[in-house]
Amino acid sequence: MSRAILVRRSAIAVAALLVVVLGVVAVLAVTWVRRPFPVTEGEVKVPGLQGKVDVIRNDQGIPQIYADNADDLFRAQGFVHAQDRFFEMDLRRHITSGRLSELVGEGGLETDRVIRTLGWRRVAEAELPTLKPETRRYLQAYSDGVNAYIHQQGTPSKMSLEYVVLGQKVPDYRVEDWTPADSLAWLKAMAWDLRGDYSDELTRARLAGTMPLSQISELYPPYPYDSHKPILSGQDWSSTTSNASNGSANSALPFASTEAPTATTPSKASKASKASKASKASKAKSPELAAETSPSAEQAYAAVTKALNSVPVTMGRGDGIGSNSWVVGGSRTSTGKPLLANDPHLGVSIPGIWYQVGLHCRSVSSSCPFDVAGYSFAGLPGVVIGHNQSIGWGFTNLGPDVSDFFLEQVRGNTYLRDGKQVPLTMRTETIKIGGGGEQTITVRSTTHGPILSDALGTVARAGDSPPVNGRTSPGSYEVALQWTGIEVNQTADAIFGLNTAQNFQQFREAARHFAVPAQNLLYADTAGNIGYQAPGSIPIRSRYMDSAPGFWIRPGWVSSWDWKGKVPFEQMPWTYNPPEGFIVAANQAVTESGSPFLTTEWDYGFRSQRIRSLLEKNTKVTPAAMSHIQGDVRSEFAPTLVKALLKVDLGGDDFTKQAQDLLRHWDYTMPVGASDAGAAAAYYNAVWSSLLDLTFDDELPSDLRADGGDQWMQAMTQLLAKPRSAWWDDKRTAGVAEGQSEILRKALVDARLDLTRELGKDPSDWQWGELHTLTLQHQVLGGDDVPGLVRMLFNRGPIELPGGSAIVNANGWDASQGLDDANRSKAFKVDWAPSMRMVLDFSDLDRSRWVNQTGNSGHAYSDHYDDQSEAWAKNELYDWPFSRKAVEHVGGDKLVLVPDTSTN
């Protein structure tokens, strides 16, 4: 899936340079490696500080920062982030500003054209003055701290080893000062990667020209509410007063009480689940939604898909946009107080996405309200996920549909709007190229958003006689994107609001401003309460019940197809102290509402239901049990498929039967190491990969092959009950119609042969861990196109990992990889995983525990570059001291930041 590579094209450009022998030798010099390592003891002068700031780093290099005022606190956080992760911060701001070419040369041009067109940096700059005064002050203090580091180090080579390598291509590169807009622009990249993924809608449209809609619908079965419960289980959030199909801002929408939160009493489950299924089925069959069947239509949608993939990946995408979180109330825990677990599933890289930190006002007050610790983003002040002295919270991706493509009829510098030609909004952008040169582009926008066809020639083809809402529309058009992530919002206010909230009401008020990316927010507090809130900027679409959002490109020249406002926060789902005593939010459907105003593209709930099952079996959940659940490696889909596989009669094929027998007594777990379960897991996954190829990939375009995630598992669950489905015929075997039993038999045979080549003849010797490995890859200097000697400097691994896709321990892999000899090395390789894990204990926050995917440092060969990876791979957690007493008891390096009076 290539989601772990941040800027593939820039790496290619860098690779041509890195073959220079002298450059590689320079990189290997120990002096260059150690030169950027941070000072962690003694005193360091920092301009602008009002008083002394203590920075205590423990054995994992995790800093706890103590200051007397909020400005000093965030100035110190900026300084410390820069000490450990400045190259990562600088890379991110170049990407989000459309200035990657300045850092890596011509290899960044395509990325820059797309980002400049989307305008992430421009939106960030427009957003800054709309934020609360204190938020702006914190952002500025943070920037001052980063700049203090930049000025102290002086030259790029003293900041990070990566600059030494890249300096061979861009020898005159200079580091600019950090600004508040640099921090805000990072939120745009985060929102892009965690937006509702609309590739499935584009896939539907592309396939509509090649197969019946009934066959396409089998790839997208309805959510299984009966077996996989939604987040707000047993509660109906749909309005009974009116129909949402009119699309007005006052349409019926799922609602929540606006009164002070009290224990929620679930009502009887309504017919909403059936209504939602019926609605979805009718959409698949509606003549109005019948897609254009011409070859040009398929090419148009393929071009749009390619355009989406041209935007650099910063966090994760596709099936990897998942997470586990759950909270258990004190009535069901061994401690008598809530426990909260979270592990977001994102792309894998080194350094990892998160930076662990504690931010503490020595005396908490209204002017200095911070006493918080958790996971932050290097480049952004505050804590994104974690806890303060009273409450804690976790995130999982809500995945709402927050974007649409619009076709625009453009004539010269105007476009058609309700029968009139109106002016395009236009601006010029100049992209500078490191090493010399520049490129100028013109960005055009309509009322809906930027015209992407100006950034990528491939997108322009999407306007060549495409279907509009499933109907033929002659002519040639431009393609614009409307997306909530490039609207001005106040998500930065929400982060600081969460950091300082002391109860559920304050938590919800902070969440009100969390516009993008929309997340499931789980809550717990030391008073014993638990809760859930779904925030976000969610479009209200016209004719919603007649046309699912994003299923088809929309006609931009008819205003009736425009968005009709946003869902009011008061109507977003939430709950507080539900009688069930726990809440599980693992990307499954939020409610059983018949009005799917959030999205129709939920995760199918294999992970969430497994978590629920484990919690229901445990009447008194312990902190250790919370961690054990995070490491659970049982597949909830495997029993369904294995049952069908064991029915296959192999005749006299004893060679394949040896492998098939591994599945007969398998417990459906996927561990590492030598074991019967590990051998069975290896064979099962090889069969699954082969089965997907035989069933789906023969009819899908090469770039849409089945990746094996939860969608495909649910689709296969349905197909196993439909032996006459057209999908059971392998179209590559001319004149032969295989049928279900033959396809299952071929999958068993092919997998036996594949693993014999890979792991040996004796099936009992096979190990899942030998196939399922993770290489932690540097975002720019770790790709296949970079010389091996350089990759060795920055990459780490391979690491054998348990688990897999749609499993609680979600070390995901892409089943579409490795299907040919050229890519065989990529088969079963992990490309997304839990980015971190935490378990919060509200009976004593000092007993909370956590672990990061790599380490806190971004410096290759630092002690903390990957020092947590081994524990993370084994699902082991470290102690998480929070109180000053606990932090000092653990000890570690102590750095004191002091005011630099010489600059006053």
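Scoring rules and cut-offs
Residues numbered from 1 in each chain as written. Predicted model: local features only at pLDDT ≥ 70, side-chain atom pairs only at ≥ 80, totals over all residues. Heavy atoms only, no water. Disulfide = S-S within 2.5 Å. Buried < 20%, exposed > 50% of the residue type's maximum accessible area, 1.4 Å probe, protein only. UniProt positions renumbered as here; feature names shortened; annotations may be inferred. Helix = DSSP H or I, 4+ residues; strand = E, 2+ residues; numbered from the N terminus. Lys, Arg positive; Asp, Glu negative; His and termini not counted. Salt bridge = Lys/Arg side-chain N within 4 Å of Asp/Glu carboxyl O. Polar contact = N/O pair within 3.5 Å; in protein donor to acceptor, adjacent residues only side chain to side chain. Contact = heavy atoms within 4.5 Å. Axes fitted to C-alpha atoms, helices over the stretch in contact; angles between N-to-C directions. Parallel < 35°, antiparallel > 145°, perpendicular 65-115°, else oblique. Nonpolar A, V, L, I, M, F, W, Y, C, P; charged D, E, K, R; others polar.

- The chain is annotated in an unreviewed UniProt entry as Penicillin acylase family protein of Pedococcus sp. KACC 23699.

Some thoughts on the state of the cysteines
And then number 1: On inspection of all chains with the given rule, the structure shows 1 disulfide.
And then number 2: Between the sulfur atoms of Cys361 and its disulfide partner Cys368 the distance amounts to 2.0 Å. Handedness here is read from the sign of the S-S torsion; for Cys361 and Cys368, about -85°, the answer is left-handed. The two residues Cys361 and Cys368 agree in class, both being buried.

Overview of the UniProt feature "binding site: Ca(2+)" (unreviewed entry) in the chain
And then number 1: Here the UniProt feature "binding site: Ca(2+)" (unreviewed entry) sits at Glu201, Asp401 and Asp404.
And then number 2: Mapping Asp401 onto the fold places it in the loop between strand 9 (391-397) and strand 10 (403-408).
And then number 3: Taking the relative accessible area as the measure of exposure, Asp401 reaches 4% and is therefore buried.

A few points about the side chain of Asp343
And then number 1: Take Asp343: it is sitting in strand 5 (residues 339-347).
And then number 2: One buried charged residue, Asp343, remains without a salt bridge, the closest side chain of opposite sign being Arg837 at 5.1 Å.
And then number 3: In this structure the side chain of Asp343 is engaged in a polar contact, spanning 2.8 Å, whose partner is the side chain of His345.
And then number 4: In contact with Asp343, not counting residues within four places along its chain, are Ser323, Asn324, Trp326, Gln630, Val808, Pro834, Met836 and Arg837.

With respect to the packing of helix 4 (residues 70-96) against helix 10 (residues 180-193)
And then number 1: Contact geometry of helix 4 with helix 10 gives a least axis separation of 9 Å together with a crossing angle of 70°. Judged on the interaxial angle alone, helix 10 and helix 4 are roughly perpendicular. Of the residues in helix 10, those in contact with Arg92, Arg93 and Thr96 of helix 4 are Asp182, Ala185, Trp186 and Ala189.
And then number 2: Across the contact of helix 4 with helix 10, the residue classes break down as 3 nonpolar, 1 polar and 3 charged.

Things to note about the pattern of salt bridges
And then number 1: This model, assessed by the stated rule, comprises 42 salt bridges.
And then number 2: The partner of Lys722 in a salt bridge is Glu218, and the shortest N-O contact between them spans 3.7 Å. Here Glu218 lies in the loop between helix 12 (213-217) and helix 13 (272-285) and Lys722 lies in the loop between helix 23 (710-719) and helix 24 (740-759), a separation of 504 residues in the sequence.
And then number 3: The exposure class of Glu218 is buried, given its relative accessible area of 15%.
And then number 4: Residue Arg427 pairs with Glu429 through a salt bridge whose shortest N-O separation is 2.8 Å.
And then number 5: The exposure class of Glu429 is buried, given its relative accessible area of 12%.
And then number 6: A network of salt bridges, in which partner residues are shared, links Asp54, Asp68, Arg362, Arg884 and Glu888.

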